[in-house]
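Here is how the chains run, residue by residue.
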Amino acid sequence: MENKRSSFTGKLGFVLAAAGSAVGLGNIWRFPYLAAKYGGGMFLLTYIVLAVTFGFTLMVAEISLGRKTQLSAISAFSKLDKRFSFLGYLASIVPVIILPYYSVIGGWVTKYLYVFASGGMQDAVKDDYFTNFISTPAEPVGWFLIFMALTAIIVLLGVEKGVEKVSKVMMPVLVVLTLFVAIYAMFMPGAMEGVKYYLTPDFSKFSATTVLAAMGQVFYSMSVMMAIMIAYGSFLDDSSNIARDGIIIAFSDLAVSLLSGIVMFTTMYGTGLQDMLATKSGPGLAFGVYPTAIVNLSKSGVFNAIFAFVFYFCLCTLAIDSAFSLVEGISTAFSDKFGTDKKKTTITLCVIAGVISLVYTTGAGLAVLDIVDNWCNSFTLILIGVLETIAIGWFFKTSKVVKEINRNSKKFKMPRVWFDIAVKFVAPVSLTVLFVWNIIDLFKNKGGIYGAADGYNLTSNILAGWLVFALCLVRGFVIPRFKGKNKQTETEETWED
Ligand code: PFF
């Protein structure tokens with residue numbers, strides 16, 4: 001069955017959809033807790049440097065691969081060089097791993113939205129509220145299903161009709177609201193201490209662990225190394241300006257993360273909860289902090305309640321937007337490669353994600369989620385980063401990739417020398433070092449960076465983490481060997497001028 005390739009309506013359509021994929025729960029939930037965990041200012045500095053250098057460069061490179069080939073990851077890589085088709089498979093499995101747990105967290109946000117809409121705001125700031133909510137599976141499963149259904153509906157409506165409209169309205173609103181909470185939170189007594197901790201790098205905290213965590217978060221947040229930006233690029237036509245659009249996407253993503261970091265630190269210090277920063281880590285942290293910040297916004301309960309509702313509404317739509325891109329990335333890759341019907345692929349995918357997500361709603365769910373999330377970002381994405389930079393830097397002719405990135409850009413042009421140094425040398429070498437270091441650390445510290453401090457032992461790390469990693473490798477390297485040939489990739493390399 002033929003699938004018609006949809007495209008974005010208008011020039012803004014792409015920017016908003018790609019930014020919609022990048023800006024999501026990761027900015028509000030993952031970035032601040034990593035900053036809290038890895039030393040505040042030092043993590044922030046490392047993150048900013050990596051985002052504007054590697055993150056941005058690799059994101060525009062991926063978009064240009066998609067636009068040039070008009071194909072999604074699996075087919076694009078095999079079209080450019082058959083030897084790298086495994087890389088397309090490898091990258092396409094990442095959204096399959098992220099989607100179930102991302103949607104479980106999306107379900108939590110939807111639940112909070114409901115609580116705020118129904119006037120239960122004061123309850124949501126009580127200490128055990130979140131812990132009680134996730135301690136029995138029934139409620140989280142219910143909210144997950146609602147979230148997943150909303151996502152599936154938007155995907156089935158198509159790129160133009162669904163996601164663009166949602167992003168167009170919600171993205172600027174979220175930026176303004178987060179800015180508002182951040183400024184307000186700064187006025188809490190003691191909050192400036194938090195800002196200081198967040199903005200002042202303590203160089204004694206710099207370590208390979210900080211770099212690894214920041215790099216994984218850059219990839220995760222910018223939705224790179226996981227087939228998505230290639231799929232989105234493939235919807236673009238020749239007139240699009242990738243260099244300029246890439247700057248807008250990268251900076252909106254960075255801005256929302258930086259602001260939500262300010263909210264996290266000011267609120268924690270302002271409400272005297274700063275000790276939690278060191279002791280309590282992981283998925284639950286942001287879920288306690290944001291409601292606390294909002295309840296303290298003003299003296300007017302009504303104002304706070306309305307604000308909370310609008311804020312969580314934005315968050316929910318952005319989470320759907322990102323989940324949408326996860327589904328879209330996989331289903332486009334799959335239907336491009338195997339000619340399956342996109343609707344059926346989408347529905348099947350949502351059902352599979354639904355089944356897998358049940359794991360995250362069990363008693364050990366939060367720990368499994370934490371481990372899988374960490375492994376996905378600090379092993380799988382880093383490994384794909386190594387392979388993808390080698391492929392692009394050494395086999396796809398960087399001159400042509402850079403030309404594609406700069407094609408319609410007049411003001412900003414990516415310097416070729418920069419691209420060569422970053423993608424050919426610095427990225428593959430440093431990512432390889434990080435990857436190997438992470439594995440050595442895992443065994444030396446019996447559980448690695450996610451071992452002792454978080455109470456996960458080597459066995460649970462290996463069960464939850466390696467299993468997922470092994471699945472990716474099997475998908476990437478083994479399965480393609482048994483697949484038949486794909487019609488669309490029978491033509492040889494087409495990366496001509
Ligand atoms: N970038 C999104 C976020 O930070 O919330 C999450 C995400 C979306 C990750 C799409 C991966 C992805 F493919």
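Parameters and conventions
Residues numbered from 1 in each chain as written. Predicted model: local features only at pLDDT ≥ 70, side-chain atom pairs only at ≥ 80, totals over all residues. Heavy atoms only, no water. Helix = DSSP H or I, 4+ residues; strand = E, 2+ residues; numbered from the N terminus. Buried < 20%, exposed > 50% of the residue type's maximum accessible area, 1.4 Å probe, protein only. Contact = heavy atoms within 4.5 Å. Areas by Shrake-Rupley, 256 points an atom, 1.4 Å probe, with all protein chains shown as cover. pLDDT = per-residue confidence, 0-100. Salt bridge = Lys/Arg side-chain N within 4 Å of Asp/Glu carboxyl O. Phe/Tyr/Trp six-rings, centres within 6.5 Å; stacked < 30°, edge-to-face > 60°. Axes fitted to C-alpha atoms, helices over the stretch in contact; angles between N-to-C directions. Parallel < 35°, antiparallel > 145°, perpendicular 65-115°, else oblique. Nonpolar A, V, L, I, M, F, W, Y, C, P; charged D, E, K, R; others polar. Patch = residues over 30% accessible without salt bridge, like charges linked within 9 Å, V, L, I, M, F, W, Y side chains within 5 Å. Expected span 1.5 Å × (residues − 1). Bend = angle between axes of the 7 residues up to and from the residue. Near = heavy atom within 4 Å. Polar contact = N/O pair within 3.5 Å; in protein donor to acceptor, adjacent residues only side chain to side chain. Core = buried A, V, L, I, M, F, W, Y, C linked by side-chain atoms within 4.5 Å.

**Student:** An account of the overall build of the protein is requested, with residue identities and associated values reported.
**Tutor:** Counting its regular elements, the protein contains 21 helices and zero strands. Going through the 497 residues of the protein one by one, you find that 61% of them count as buried. In the protein, the share of contacts with a sequence separation of at least 24, taken over all contacts with a separation of at least 6, comes to 84%. Surface summary for the protein: the accessible area is close to 19,000 Å², and the carbon and sulfur share equals 69%.

**Student:** Describe the confidence of the model for the protein, naming the residues involved and giving the relevant values.
**Tutor:** Here the protein shows a mean pLDDT of 82. Residues at 70 or above account for 85%. Throughout residues 484-493 the model reports pLDDT below 50, and contacts reaching past four residues in sequence, or to other chains, amount to 21 contacts.

**Student:** Give a detailed account of the pattern of salt bridges, specifying residues and quantitative values.
**Tutor:** Side-chain pairs of opposite charge can arise where the charged atoms are in close proximity. What the rule picks out here adds up to 11 salt bridges. The residue Asp373 makes a salt bridge to Arg30 at a minimum N-O spacing of 2.8 Å. With a gap of 343 residues between them, Asp373 in helix H18 (residues 365-395) and Arg30 in helix H2 (residues 25-37) connect regions that are remote in the sequence. Relative accessible area serves as the criterion here: at 0%, Asp373 is assigned to the buried category. Relative accessible area serves as the criterion here: at 3%, Arg30 is assigned to the buried category. Each of Arg67, Asp238, Glu404 and Arg407 takes part in a single network of salt bridges with overlapping partners.

**Student:** So what's going on with the packing of aromatic side chains? Which residues, and what values?
**Tutor:** Taken as a whole and assessed by the stated rule, the structure comprises 30 aromatic pairs. Ring plane angle 85 degrees and centroid distance 6.0 Å describe the contact between Tyr112 and Tyr129, whose orientation is recorded as edge-to-face. Placement of Tyr112 in helix H5 (residues 85-117) and of Tyr129 in helix H7 (residues 129-135) is noted, with a sequence separation of 17 residues between them. Between Trp375 and Phe379 the ring centres are 4.1 Å apart and the planes differ by 25 degrees, which places this aromatic pair in the stacked class. Remark: Phe379 and Trp375 occur in helix H18; sequence separation between them is four residues, near one turn of the helix.

**Student:** Tell me about the packing of H5 against helix H17 (residues 342-357), residues and numbers included.
**Tutor:** In contact at an axis separation of 8 Å, H5 and H17 are set at 70 degrees when each is read in the N-to-C sense. Here H17 runs roughly perpendicular to H5, going by the angle between their axes. Residue-level contacts link Leu99, Pro100 and Val104 of H5 to Leu349, Ala353, Ile356 and Ser357 of H17. Here the contact of H5 with H17 is composed, by residue class, of six nonpolar, one polar and no charged.

**Student:** Mind laying out a nonpolar patch on the surface, listing which residues take part and the relevant values?
**Tutor:** Where nonpolar side chains cluster on the molecular surface, the patch consists of Ile390, Trp394, Phe395, Val417, Ile421, Phe425 and Val426 and spans about 640 Å² of accessible area. Elements represented by at least two residues in the nonpolar patch include exactly H18 and helix H20 (416-444). Considering every element that reaches the nonpolar patch, the biggest residue donor is H20, with four residues. The partly exposed category is assigned to Ile421, whose relative accessible area is 45%.

**Student:** Explain H2 residue by residue, including any values.
**Tutor:** Taking 1.5 Å per residue, 13 residues should reach 18 Å; H2 reaches 17 Å between its end C-alpha atoms and fits that length. A maximum bend of about 25 degrees is found in H2 at Phe31, where proline Pro32 lies one to four positions downstream. Of all the 13 residues making up H2, 12 are buried; the element is thus mostly covered by neighbouring parts of the structure. Three or more residues of H2 are buried, namely Leu25, Gly26, Asn27, Ile28, Trp29, Arg30, Phe31, Pro32, Tyr33, Leu34, Ala35 and Ala36. At the exit of H2 stands Gly39, carrying a positive phi of roughly 90 degrees.

**Student:** Run through the site of the ligand, naming residues and quoting values.
**Tutor:** In the vicinity of the ligand lie 16 residues, with Gly26, Tyr102, Tyr220, Met226 and Ile228 positioned nearest. Separating a nitrogen atom of the ligand from a backbone N or O atom of Ser221 is a distance of 3.1 Å. One nitrogen or oxygen atom from the side chain of Ser223 is found 3.2 Å from a nitrogen atom belonging to the ligand. In isolation the ligand exposes 340 Å². Once the protein is present, 100% of that is buried. By residue class, the composition of the shell around the ligand is eight nonpolar, eight polar and no charged.

**Student:** Explain the nonpolar core to me, and be specific about the residues and the numbers.
**Tutor:** As a rule of thumb, soluble globular proteins bury nonpolar side chains together. Residues Trp29, Phe219 and Tyr312 are the most contacted members of the largest nonpolar core, which totals 163 residues. In terms of residues, this core owes the most to one element, H5, which gives 19 residues. Once residues within four sequence positions are removed from consideration, Phe219 is found in contact with Leu58, Val224, Met225, Met226, Leu381, Ile382, Gly385 and Leu431.

**Student:** Tell me about the packing of helix H3 (residues 41-69) against helix H19 (residues 398-406), and please be specific about residues and values.
**Tutor:** Contact geometry of H3 with H19 gives a least axis separation of 9 Å together with a crossing angle of 90 degrees. What the angle tells us is that H3 and H19 run roughly perpendicular. On the side of H3, the interface is formed by Val60, Ala61, Ser64, Arg67 and Lys68, while H19 contributes Val401, Glu404 and Ile405. Looking at the contact of H3 with H19, its residues break down into four nonpolar, one polar and three charged.

**Student:** Explain the environment of Thr292 residue by residue, including any values.
**Tutor:** In this structure, Thr292 sits in helix H15 (residues 285-295). Taking the C-alpha atoms as reference points, Thr292 and Thr267, separated by 25 residues in sequence, lie 7.4 Å from one another. Residues within four places of Thr292 in sequence aside, it is in contact with Val125, Thr267 and Thr271.

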